[in-house]
Amino acid sequence: MAKYITEILQEINTDPKKIDQYKGNGALRLIFEHAFLEEKKFALPEGEPPYKKDAAPIGMTPANLYQETRKLYIFCRTDLKPLRKETLFVQLLESIHPSEAELVLAIKDQKLTKMYPKITHKLVAEAGFIPAPVAKEKKAKNVKAPTGAQPTEEN
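Residues numbered from 1 in each chain as written. Predicted model: local features only at pLDDT ≥ 70, side-chain atom pairs only at ≥ 80, totals over all residues. Heavy atoms only, no water.

### Looking at the overall build of the chain
Item 1. Helix and strand content of the chain: eight helices and zero strands.
Item 2. Listing every helix and strand of the chain by position from the N terminus yields α-α-α-α-α-α-α-α.
Item 3. Across the 155 residues of the chain, 40% fall into the buried class.
Item 4. Sequence separation of 24 or more characterises 71% of the internal contacts of the chain that already satisfy a separation of 6 or more.
Item 5. For the chain, the accessible area works out to roughly 10,100 Å², and carbon and sulfur atoms hold 54% of it. (Helix = DSSP H or I, 4+ residues; strand = E, 2+ residues; numbered from the N terminus. Buried < 20%, exposed > 50% of the residue type's maximum accessible area, 1.4 Å probe, protein only. Contact = heavy atoms within 4.5 Å. Areas by Shrake-Rupley, 256 points an atom, 1.4 Å probe, with all protein chains shown as cover.)

### Here we look at the environment of Pro49
Item 1. Assignment of secondary structure puts Pro49 in the loop between α2 (26-36) and α3 (65-68).
Item 2. Through-space distance from the C-alpha of Pro49 to that of Thr87 is 9.8 Å; in sequence the pair is 38 residues apart.

### Focus on the side chain of Lys85
Item 1. By the secondary structure assignment, Lys85 is in helix α4 (residues 82-95).
Item 2. The buried charged residue Lys85 lacks any salt bridge partner; its closest oppositely charged side chain belongs to Asp79, at an N-O distance of 6.9 Å.
Item 3. Here Lys85 is in contact with Ala43, Leu44, Ile74, Phe75, Arg77, Thr78 and Leu80, once residues within four sequence places are set aside. (Lys, Arg positive; Asp, Glu negative; His and termini not counted. Salt bridge = Lys/Arg side-chain N within 4 Å of Asp/Glu carboxyl O.)

### Description of the packing of aromatic side chains
Item 1. What the rule picks out here adds up to five aromatic pairs.
Item 2. Here the aromatic rings of Phe42 and Phe75 are separated by 5.4 Å at their centres, their planes lie at 55 degrees, and the arrangement is tilted. Of this pair, Phe42 sits in the loop between α2 and α3 while Phe75 sits in the loop between α3 and α4; the two residues are 33 residues apart in sequence, bridging distant segments of the chain.
Item 3. For Phe42, a relative accessible area of 4% gives the class buried.
Item 4. Here Phe75 falls in the buried class, since its relative accessible area comes to 3%.
Item 5. Where Phe75 meets Phe89, the ring centres are 5.2 Å apart and the plane angle is 85 degrees; that geometry is what we call edge-to-face. Of the two residues, Phe75 sits in the loop between α3 and α4 while Phe89 sits in helix α4, which places them 14 residues apart along the sequence.
Item 6. One aromatic cluster is present, built from ring pairs that chain together Phe32, Phe36 and Phe129. (Phe/Tyr/Trp six-rings, centres within 6.5 Å; stacked < 30°, edge-to-face > 60°.)

### Thoughts on α4
Item 1. Between its first and last C-alpha atoms α4 spans 20 Å; for 14 residues at 1.5 Å apiece the expected length is 20 Å, and the two agree.
Item 2. Every buried residue belonging to α4 is among Lys85, Leu88, Phe89, Val90, Leu92, Leu93 and Ser95, and all of these are buried.
Item 3. Elements that come into contact with the buried residues of α4 comprise α3 and α5 (98-108). (Expected span 1.5 Å × (residues − 1).)

### A few points about the packing of helix α1 (residues 5-14) against α5
Item 1. Contact geometry for α1 and α5: axes closest at 9 Å, N-to-C directions at 65 degrees. As the angle between them shows, α1 and α5 are arranged roughly perpendicular. Each of Ile5, Thr6 and Leu9 in α1 lies in contact with α5, whose residues at this interface are Ser99, Glu100 and Leu103.
Item 2. Class assignment for the residues of the contact of α1 with α5 results in three nonpolar, two polar and one charged. (Axes fitted to C-alpha atoms, helices over the stretch in contact; angles between N-to-C directions. Parallel < 35°, antiparallel > 145°, perpendicular 65-115°, else oblique. Nonpolar A, V, L, I, M, F, W, Y, C, P; charged D, E, K, R; others polar.)

### Details of the pattern of salt bridges
Item 1. A complete count under the given rule lists 10 salt bridges for this structure.
Item 2. Here Lys108 ties to Asp109 by a salt bridge, and the two come within 2.7 Å at their closest N and O atoms. The same class applies to Lys108 and to Asp109, which are both buried.
Item 3. Shared partners join several salt bridges into a network, and the residues in it are Lys3, Glu11 and Lys18.

Below, the structure written as structure tokens:
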């Protein structure tokens, strides 16, 4: 039987070198994209919405995170009304195991590193799941024209 996403993340958190075993895992790639990339951040309010946690043991819930990862893009869409997105999000949380729901909440707020401190943007990028983080200092640098030079208009 395949491991659940939460088990894989716990394994990687215990030994970060094990991330290399999962390089071909598409579900993990999607999770890391939504957890670390600003352009893939869920367009939902911060914090935990009210939802009913499923009491079934893991593996006995109506769905699991493996099945649902391909639907995560829905929460980034700007063409859906916020209420519709929030309703779909609560439905997702209620259909998966509470441990997976906690993980989805951490992904939504891009706080995966709080749950799994050793799983960082840098680690995930080095493993090839997502692009490397852009240094903020490089973005902030302004290139100044040499003294006495006139600004030119570019076509």
